Structures are given as C-alpha cells and as structure tokens.
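Given next are the chains, with one letter for each unit.
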Amino acid sequence: MSTARHFVLAAGGTGGHMVPAAALAAELIKRGHYVALISDERGVRFPGLFEGIQTHILPAGRLSGGPIGYIKAASAMLKGRAMAIELYKSFRPDAVIGFGGYPALPALLAAFNQGIPTAVHEQNAVLGRVNRLVANKVDAIATSYEDVARLAPKLRVKTHLVGNPVRDAVLALRSKPYPLLEEDSIFRVLVTGGSQGASVLSQVVPDGLSLLPVAFRRRLQVTHQARIEDIDACRAKYAELSIAADLATYLPDLPEQLAWAHVVIARAGASTLAELTCAGRPAILVPLPTATDDHQTANAREMTQAGGARTIDQRNFTPVELAKQMQRLGLDPAALQNAAGRAWSCGRPDAVRDLADLVESLGDTPGDMPIGAPRAVKLGKREAFA
C-alpha cells in the first residue's frame, strides 16, 4: 500500500471539468490519500460529486471583455493565487492537478510559485485555453484522446494518454450486455444536452421522432433532459404527438438511464462521450457550435469514425435529418448492436486508474514510477484546509 499523500484538484465549474475530477478524487481516497478541491461557486453546487470532501472557492477572472476585463481578470487571478498559497501552507499538497477552466488557474499558479509538482488533465480533443496557458510549466499532461489539437509537439514527451474518467456507476455498465432489442419491443431513447441542457434538442427531437414510421414511433419510450425554460413546451409537444416521454431538467440517475437506452441523442461534451463509449451506446451527436475551438466536433470524431455514432452539424439538425438517422440506426437490430460494439471499442475504462497512477508518480524519480503507469504517447479519510 502506498504512503498517504495530499493532493489538490482544481477544476472549473462545468460538468465536463467536475465529473473527471470527482472520479479521480474517489480513486485517490480509495488508495488512502487525502484530497481537497478548488473550484468556483458553480462547481461546488453539483449534487453528489464531492460529498464529504473539503472544497474551496477562489476568485478567478475570465480573460475576456477587452482591456478592462483583462485587468479585472488579472487582479482576480492574483488574489486567487495568494489565497491558494496560504492554503497550501496548511494542507501541504504533494501535487496539484488542474482539470481546465479558469478556476483551476490560480491553484496552478500558486503551485508553480511554491515548487509543487503539477499536472493537467485535458478532457477534450482540443487542448483548452487554461491548459494551453500552463502546458509549458506543468510536469505532466494527461489526455483523453490520442490526437489532441493545440498541443505543441515539444510537449508530447510529457503527455500521457489516459482517457477521461467516468463514475463507477457508468463503469459498471461496461460489463453488461447491450439491452435486448427485438423487432416489436420497446425502443428506448435517451436525450441529454449535458449538464447545461440544450434547447435545440427540445426544439428538434420531438418533431423528428414524430416523422418515424407509425409502427416504430409507437415503440418509443423517451427520457429527455431539457432546460428549465424549455421543459413545459417540450413535454406538451411529446403529448401532442402521442410519444411516450419522461422529462426532467436534471437526471441524477443518468447511469441507470444509460443502462437501458438503445440510442442516445446528445451533445458531444467530453464526459458524455466518455460515458457513451465506456457503456457502449450508439449515439446521434449534435456538437455545440459555440464550444471553444469547436472542440465538441473534435470530440465526436473518434466515435463517429469507428461507427459508433452519427454526427449532425447543428446547422443541419432538422426533424427530417434526425428521422433519417434514427431509421438508419433503429430499424435494423443487428446493425444497432454492431454500432453499440463499435462505440464500446472506443472506451477507455482504465482512465481513472491510469490517471491516479500518473498523479501518484509526480515528484518521483523515473525509477520510482509505479508499475503500469501510462506511457507518453507520440503524436476514505479526507484532509481539510485549515
């Protein structure tokens, strides 16, 4: 058993950053280590992710808004860095791990100042802005995809392909069979826009499903996550079209919903892709067009090229196009089962183990690297801050 050590995880306030951070926290605690979280007010509000783990909110400006915005952001970053330095004096972390998002930046800057080993984890297929800012200085870069855009070639020597950690409840689905589907059985569809929801899915999906052949449409059972401002209209639309549907603004039982889904209609966020490929669920993906550096389109590429998903640009995401893709996926059970297997083949189920191994190796000499530590690719008891 390894010696207990202290780790700080720093993550921005979106689900894409917080979910893998939570998975790593659980794994490190399971190994007997002490973990603390630094985030923003959004991050600490995610239900169930960091229960029992000491969390800290530090100021972190966003680099936008012109000269005045940059000045305000720099001031907030410096204040956050100073606060993190004080926190480190009491917690004495062995390493600080950033998961992207501006709230991670003050924590990493403080670690650089104090000479504390650091790493960042990139969930997307494009290196994010904060991770790009610190990539030269961190000790290790963990990626979720073999090909990551915006990653300088000189940094590949310290880059490790680990995948994107998912929750244990999702990981458990990997060993379960794809749900039985017969020609006349219920066809279950899961619609999710990620932690923020997606209005376009509420606008298009009900009408798209209504265009399916009557016999197919009558078999549908839909679970649809909708934004709070869209949910009433979306529910009324399903009722008007006589499509069986359950709607919610948040799906706390998402792994259970994923377990019985035959097809998922979703955005292409990093956590969504990691869960789909880990569980092996075919998908129709609609990347968020405003995502920074169009990273959702890049995320979807691997699963789509493998044959486990169909990607529709939002500009082309119409009821007619959705119905066409649903028929191609859903009317042939054997083809759907094959797509599920291809999605499954893209999964990286050992991501949290490999990321934890990498984190534990920080500060060690090369000879101290743990057995099974991820290699660079070419291209519990919890301690609180005082």
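Use the structure listed above.
Since the model is a prediction, treat every value here as computed from it, not as a measurement.

## Looking at the pairing of strand β2 (residues 34–39)
In step 1: Of all 6 residues in β2, 6 are buried; the element is thus mostly enclosed.
In step 2: Bridge count between strand β1 (residues 6–10) and β2: 5 bridges; the pairing is parallel. Along β2, the bridge assignment pairs Ala-10 with Ile-38.
In step 3: A crossover connection joins β1 to the parallel β2 through helix α1 (residues 15–30); in handedness this β-α-β unit is right-handed.
In step 4: Pairing between β2 and strand β3 (residues 55–57): 3 bridges, direction parallel. Each bridged residue has a counterpart across the sheet, and for Ser-39 the counterpart in β3 is Ile-57.

## A few points about unusual backbone geometry
Excluding glycine, residues mostly have negative phi values, and the peptide bonds linking residues are mostly trans.
In step 1: For Arg-150, which is not a glycine, the phi torsion comes out positive at approximately 70 degrees.
In step 2: With respect to the helices and strands, the residue Arg-150 is situated in the loop between β6 (140–143) and β7 (159–161).
In step 3: A positive phi is found at Asp-294, a non-glycine position, where the angle reads about 50 degrees.
In step 4: Within the secondary structure layout, Asp-294 lies in the loop between β12 (283–285) and α11 (295–306).
In step 5: A relative accessible area of 35% means that Asp-294 is categorised as partly exposed.

## A look at α11
In step 1: Of all the positions in α11, only His-295, Gln-296, Ala-298, Asn-299, Ala-300 and Met-303 are classed as buried.
In step 2: Turning to α11, the residues buried within the fold contact α10 (270–279), β12, β13 (309–311) and α13 (333–345).
In step 3: Looking one or two places after α11, you find Gly-307, whose phi comes out positive at around 95 degrees.

## Concerning empty space enclosed by the protein
In step 1: One number sums up the size of the largest cavity: a volume of about 160 Å³.
In step 2: Taken together, 16 residues line the largest cavity, and the ones lying closest to its centre are Leu-273, Ala-274, Thr-277, Cys-346 and Arg-348.
In step 3: Among the elements of the structure, α10 and α11 are those that each provide at least two residues to the lining of the largest cavity.
In step 4: At 5 residues, α10 tops the list of elements feeding residues into the lining of the largest cavity.
In step 5: The residue inventory of the lining of the largest cavity, partitioned by class, reads 8 nonpolar, 6 polar and 2 charged.

## Examining the packing of aromatic side chains
Each aromatic ring pair is characterised by the separation of its centres together with the angle its planes make.
In step 1: Tallied over the full model, the rule gives 1 aromatic pair.
In step 2: Centroid distance Phe-187 to Phe-216: 5.0 Å. Interplanar angle 85 degrees. Geometry classified as edge-to-face. Residue Phe-187 is located in strand β8 (residues 187–192), and its partner Phe-216 is located in helix α7 (residues 214–217); the two are separated by 29 residues in the primary sequence. Comparing Phe-187 with Phe-216 shows no difference in burial state: the two are buried.
In step 3: One Lys or Arg, Arg-174, reaches over the ring of Trp-344 and ends 3.8 Å from the middle of that ring.

## Observations concerning the sheet that holds β12
In step 1: Spatially, 6 strands are ordered β10-β9-β8-β11-β12-β13 in an open sheet, and the strand pairing comes out parallel. Since the sheet does not close on itself, it has two edges, and those belong to β10 (244–248) and β13, each with one partner. The sheet shows a mean angle of 15 degrees between the axes of neighbouring strands, direction not considered.
In step 2: Strand direction decides the pairing type here: β8 and strand β9 (residues 220–225), joined by 5 bridges, are parallel. Following the sheet pairing, Val-189 is matched in β9 by Val-222.
In step 3: Strands in contact with helix α8 (residues 231–240) are β8, β9 and β10; relative to β10, the strand with the most contacts, it is inclined by about 175 degrees.

What counts and how
Residue numbers restart at each chain and count upward from 1, following the sequence in its written direction. Selection of residues for local features in this predicted model requires a pLDDT of at least 70, selection of side-chain atom pairs for listing and counting requires 80 or more, and totals for whole chains, interfaces and linings are taken over all residues. Side-chain metrics in this entry use all non-hydrogen atoms of the structure; hydrogen atoms and water are not considered. Relative accessible area decides the class of each residue, using a 1.4 Å probe on protein chains only: under 20% of the type maximum gives buried, over 50% gives exposed, and in between gives partly exposed. Comment: elements are numbered from the N terminus, with helices defined as DSSP H or I runs of at least four residues and strands as E runs of at least two. At least two bridges found by DSSP between two strands is the condition for calling them paired. A crossover gets the label right-handed when its path from the first strand over the helix to the second runs clockwise, viewed with the strands pointing away from the viewer. When checking whether two residues touch, look at their non-hydrogen atoms; a contact exists if any pair is within 4.5 Å. Using a grid of 1 Å spacing that covers the protein atoms alone, one calls a set of points a cavity when a 1.4 Å probe fits there but cannot get out, and a pocket when the set is open and has protein on both sides within 12 Å along at least five of seven lines; lining residues are those with an atom within 4 Å of a point. Grid points are joined across faces, edges and corners, and a volume is the space filled by probe spheres set on the points. Here the term charged refers only to Asp, Glu, Lys and Arg, the term nonpolar to Ala, Val, Leu, Ile, Met, Phe, Trp, Tyr, Cys and Pro, and the term polar to all other amino acids, Gly among them. Two aromatic rings, drawn from Phe, Tyr or Trp (for Trp, its six-membered ring), form a pair once their centres lie within 6.5 Å of each other, and the interplanar angle then sorts them: stacked below 30 degrees, edge-to-face above 60, tilted otherwise. Throughout this description, the term charge over a ring refers to an Arg CZ or Lys NZ atom that lies within 6 Å of the ring centre and within 35 degrees of the ring normal. Angles shown run from 0 to 180 degrees and are taken between the N-to-C directions of axes, each axis being a line fitted to C-alpha atoms and, for helices, limited to the stretch in contact.

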